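Given next are the chains, with one letter for each unit.
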Amino acid sequence: MEQLNAWFTELLADNSIFTADTLGYYLDGLGSTVRLVFLSLIIGLMLAVPLAIARGSRRKWIKWPIFLYTYVFRGTPLLIQLYLIYYGVVFIEGIQDTFLWAVLQDAFYPALIAFTLNTAAYTTEIFHGAIKATPRGEIEAARAYGMSRARMMRRIIMPSAFRRALPAYGNEVIFMLHASAIASVVTIMDLTGAARFVYARFYAPFDAFLFVAAIYLCLTFAILYLFRYLEKKLLAHLKPING
């Protein structure tokens, strides 16, 4: 460990850009990016599951508002949504006199709301499509066992839909990671914000942004590996039997 620290210190000693202080900015940016993406995905998933189930309702007053929500948030740029929430919240009458202002004046939380609503819209449609694709035979078998609609949804439809939705949801996770780069436009010091700081300080765009691109690439490969592993475990029964 001491030899590694000595090698790292010697490496940085000959580098005027990537000093210990500069790498500290990248590390802080990495923490902000991971926190923003992780929380938005978790909250968005928790919202998307019941919305996806309700999206398939036969009652128009239930499914049409959900369709409108997903249509609007999937049909407009995430950057515009972020601007509307971040800059528009101050124009809500009386908001500055409530307890919400103490939270919303921090740029992280408007960004979290925008990212959560966006990913929840996409994830709702992903799961809705997966639920609709449930084989009729599975549903008929569950009915033959006398399962109620709620038990069938919990034991048959949702586990099956989750496995089918996994590849598409993996793409959504990667999309959210890449989309998080726009968080820096509302003063959040994420990875891209750290790169912009390094660029402004040293006027070295290639060094600053290629380094942060390498970090995003590593995160992307880690996510890909995780979802490929989950697909291998959860979709193993779909592999053809050789011989």
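Starting from 1, residues in each chain are numbered consecutively following that chain's sequence as written. For a predicted model such as this one, the threshold for reporting local features is a pLDDT of at least 70, and the threshold for listing and counting side-chain atom pairs is 80 or more; totals across whole chains, interfaces and linings nevertheless cover every residue. Where side-chain values are given, they derive from all heavy atoms of the structure, hydrogens and water being excluded.

A. Expanded view of the overall build of the protein chain. Think of it this way: any DSSP run of H or I at least four residues long counts as a helix, any run of E at least two long counts as a strand, and we number them from the N terminus. Along the backbone of the protein chain there are ten helices and zero strands. Helices and strands appear in the protein chain in the N-to-C order α-α-α-α-α-α-α-α-α-α. The globule rule puts the C-alpha radius of gyration for 243 residues at 18 Å, and the 23 Å found for the protein chain is more than 25% above it. The dimensions of the protein chain, computed from C-alpha atoms along their principal axes, are 70 × 65 × 30 Å. Whether two residues are in contact is decided by their heavy atoms: any pair within 4.5 Å suffices. Within the protein chain, counting contacts between residues at least 6 apart in sequence, those at least 24 apart form 76% of the total. To be clear on the numbers: accessible area is Shrake-Rupley with a 1.4 Å probe, and residue cover counts the displayed protein chains and nothing else. Roughly 15,100 Å² of accessible area belongs to the protein chain as shown, and the carbon and sulfur atoms make up 66% of that amount. Radius of gyration: over C-alpha atoms. The globule rule applied is 2.2 Å multiplied by the number of residues raised to the 0.38 power.

B. Looking closely at the UniProt feature "transmembrane region" (unreviewed entry) in the protein chain. Feature annotation in UniProt assigns "transmembrane region" (unreviewed entry) to the following positions: residues 36-54, 66-87, 107-127, 168-188 and 208-227. End C-alpha atoms of residues 36-54 are separated by 27 Å, and the span's content is 100% helix alongside 0% strand. Counted over residues 168-188, helix gives 57% and strand 0%. Its end C-alpha atoms are 28 Å apart. UniProt positions are given in the numbering used here, feature names are shortened, and annotations may be inferred rather than shown by experiment.

C. Spotlight on the UniProt feature "domain: ABC transmembrane type-1" (unreviewed entry) in the protein chain. This chain's UniProt record puts "domain: ABC transmembrane type-1" (unreviewed entry) on residues 30-227. Secondary structure content for residues 30-227 is 80% helix and 0% strand, and the end C-alpha separation is 21 Å.

D. Region of the structure containing the layout of surface pockets. Of the grid points, spaced at 1 Å and generated over the protein atoms alone, those admitting a 1.4 Å probe that cannot get out make up cavities, while open sets with protein on both sides within 12 Å along at least five of seven lines make up pockets; any residue with an atom within 4 Å of a point is treated as lining. Grid points are joined across faces, edges and corners, and a volume is the space filled by probe spheres set on the points. Reported here for the largest pocket is a volume of approximately 540 Å³. G56, R58, I131, R149 and M153 are, among the 19 residues lining the largest pocket, the residues nearest its centre. At the level of secondary structure, the elements contributing two or more residues to the lining of the largest pocket comprise α2 (20-55), α6 (108-132), α7 (136-144) and α8 (149-179). Per-element accounting of the lining of the largest pocket gives the leading share, four residues, to α2. Empty space within the second largest pocket amounts to approximately 370 Å³. If you go around the second largest pocket, you meet 17 residues; those closest to its centre are V37, F38, L41, V173 and I223. Mapped onto the lining of the second largest pocket, the elements with two or more residues apiece are α2, α8 and α10 (205-234).

E. Just the pattern of salt bridges, in detail. The rule for a salt bridge is simple: a side-chain nitrogen of Lys or Arg has to be within 4 Å of a carboxyl oxygen of Asp or Glu. In total, this model carries two salt bridges according to the counting rule given. The salt bridge involving R55 is made with E125; its shortest N-O contact spans 3.0 Å. Linking R55 in helix α2 with E125 in helix α6, this pair joins segments that are 70 residues apart in sequence. Taken individually, R55 and E125 each receive the classification buried, so the pair is uniform in this respect. Note on exposure labels: buried denotes an accessible area under 20% of the residue type's maximum, exposed denotes more than 50%, and partly exposed covers the range between, all computed with a 1.4 Å probe on protein chains only.

F. The arrangement of a nonpolar patch on the surface in detail. Patches in this entry comprise residues that are over 30% relatively accessible and not in a salt bridge; like charges within 9 Å are linked, as are nonpolar side chains (Val, Leu, Ile, Met, Phe, Trp, Tyr) within 5 Å. A cluster of nonpolar side chains, namely V34, F38, I42, I43, M46 and L47, defines an oily patch on the protein surface of about 550 Å² accessible area. Checked against the element boundaries, V34 lands in helix α2. The exposure class assigned to V34 is partly exposed, which follows from its relative accessible area of 41%.

G. Region of the structure containing unusual backbone geometry. One non-glycine residue, T187, lies in the positive phi region at around 75°. Mapped onto the secondary structure, T187 falls in the loop between α8 and α9 (191-202). Phi angles above zero are rare outside glycine, and Y203 is one such case at about 50°. Overall, Y203 belongs to the exposed group, its relative accessible area being 67%.

H. Here's a closer look at the nonpolar core. Of all hydrophobic cores here, the largest spans 37 residues; its most connected members are Y26 and L36. Put simply, the parts of the chain that give this core at least two residues each are α2, α4 (78-88), α6, α8, α9 and α10. Here this core gets seven residues from one element, more than from any other, and that element is α8. Non-local contacts of L36, meaning those with residues more than four positions away in its chain, are made with F108, A111, L112, F115 and A183. Here, the term nonpolar core denotes a set of buried Ala, Val, Leu, Ile, Met, Phe, Trp, Tyr and Cys residues that are joined through side-chain atoms within 4.5 Å. I126, F127, A130 and I131 belong to the second-largest nonpolar core, a separate cluster that totals 13 residues.

I. Here's a closer look at helix α3 (residues 60-75). Relative to the 22 Å expected for 16 residues at 1.5 Å per residue, α3 spans 21 Å between its end C-alpha atoms, a close match to the ideal helical length. Of the positions making up α3, those classed as buried are I66, Y69, T70 and F73. Along the long axis of α3, the arc covered by the buried residues comes to 90°, so they all point the same way. Residues of α3 that are exposed and angled more than 90 degrees away from the buried face: K60, W61, L68, Y71 and G75. Structurally, α3 contributes buried residues whose contacts are with α2, α4 and α6. Here, expected helix span is obtained from the residue count minus one, scaled by 1.5 Å. Working note: the arc is built from the helix axis to C-beta atom directions.

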